Amino acid sequence: MSKPLDDILTEYFQAERIEAAFLAYEQQKKDFFQEQKEPKIQMGADGVSYQTFKKYLKIHCSLISARLQKGTYQFYPYREVDIPKPSGGKRTLSISTIRDVLVQKLLYEAIYNEVEKDFKATSRLDRASCAYRRGKSAPFAATQIHRYIQQGFQFALDADIVKFFDRISHERL
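Attention in this report is confined to the structure presented alongside it. (Residues numbered from 1 in each chain as written. Predicted model: local features only at pLDDT ≥ 70, side-chain atom pairs only at ≥ 80, totals over all residues. Heavy atoms only, no water.)

**A closer look at the overall build of the chain**
What the chain contains, in helices and strands, is eight helices and two strands. Listing the helices and strands of the chain from first to last along the sequence gives α-α-α-α-β-β-α-α-α-α. Computed over its C-alpha atoms, the radius of gyration of the chain comes to 20 Å, more than 25% above the 16 Å expected for a compact globule of 173 residues. Looking at the chain residue by residue over its 173 residues, the buried ones come to 25%. (Helix = DSSP H or I, 4+ residues; strand = E, 2+ residues; numbered from the N terminus. Rg over C-alpha atoms; globule rule 2.2 N^0.38 Å. Buried < 20%, exposed > 50% of the residue type's maximum accessible area, 1.4 Å probe, protein only.)

See the structure below:
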């Protein structure tokens, strides 16, 4: 890394950056086709609504920043909501708190470039991994698979481990 990770995180976890992340998140969650006034931001397990978070935005951002800087920040558990599937059964949605979403977004931004360097260092890994990477997507992955089929490959692996985090040892994790 060009800078120590602690320095990068300190830079990203400033109150001003957390506030900017909230404003970007708010824009991302607006449905421009519905002409709604408020974004669709769900309340997490902490019970803090979008309206309350926004009303006390500067205070929330300062507190989040202080906890992150001290190393005392803790993520809330998810609020789980069951929704029916059209084919029957139900699907469980896990909803993060607003503050946890912001921390996750900033953490992603803080480490993205360094992690991306590792992908770029190995061309096979760079071509094979598409999840959560800028410029990569499901259509990009499908194009890659199509190219491999044209080269004579016969199999592709799409891995999604059902309820992985429900079953993994949280102690070891």
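Alright, that's what it looks like, and here's the rest.
**Things to note about the nonpolar core**
Among soluble globular proteins, nonpolar side chains are generally buried collectively. With 24 residues, the main nonpolar core has I18, F22, F53, I64, L68, I98 and L102 as its most contacted residues. Elements with a contribution of two residues or more to this core: α1 (5-12), α2 (15-28), α3 (50-55), α4 (57-70) and α5 (98-121). When residues of this core are assigned to their parent elements, the largest contribution, six residues, is made by α5. Setting aside residues up to four positions removed in sequence, F22 forms contacts with Y50, F53, K54, L57, I98 and L102. (Core = buried A, V, L, I, M, F, W, Y, C linked by side-chain atoms within 4.5 Å. Contact = heavy atoms within 4.5 Å.)

**Quick word on a nonpolar patch on the surface**
Taken together, the side chains of Y56, I59 and L63 define a hydrophobic patch exposed on the protein surface, amounting to about 290 Å² of accessible area. As for its placement among the helices and strands, I59 is situated in helix α4. (Patch = residues over 30% accessible without salt bridge, like charges linked within 9 Å, V, L, I, M, F, W, Y side chains within 5 Å. Areas by Shrake-Rupley, 256 points an atom, 1.4 Å probe, with all protein chains shown as cover. Salt bridge = Lys/Arg side-chain N within 4 Å of Asp/Glu carboxyl O.)

**Considering α5**
In a regular helix each residue adds 1.5 Å, so 24 residues correspond to 34 Å; α5 covers 35 Å between its end C-alpha atoms and thus fits that length. Listed in full, the buried residues belonging to α5 are I98, R99, D100, V101, L102, V103, L106, A110, Y112, E114, E116 and F119. (Expected span 1.5 Å × (residues − 1).)

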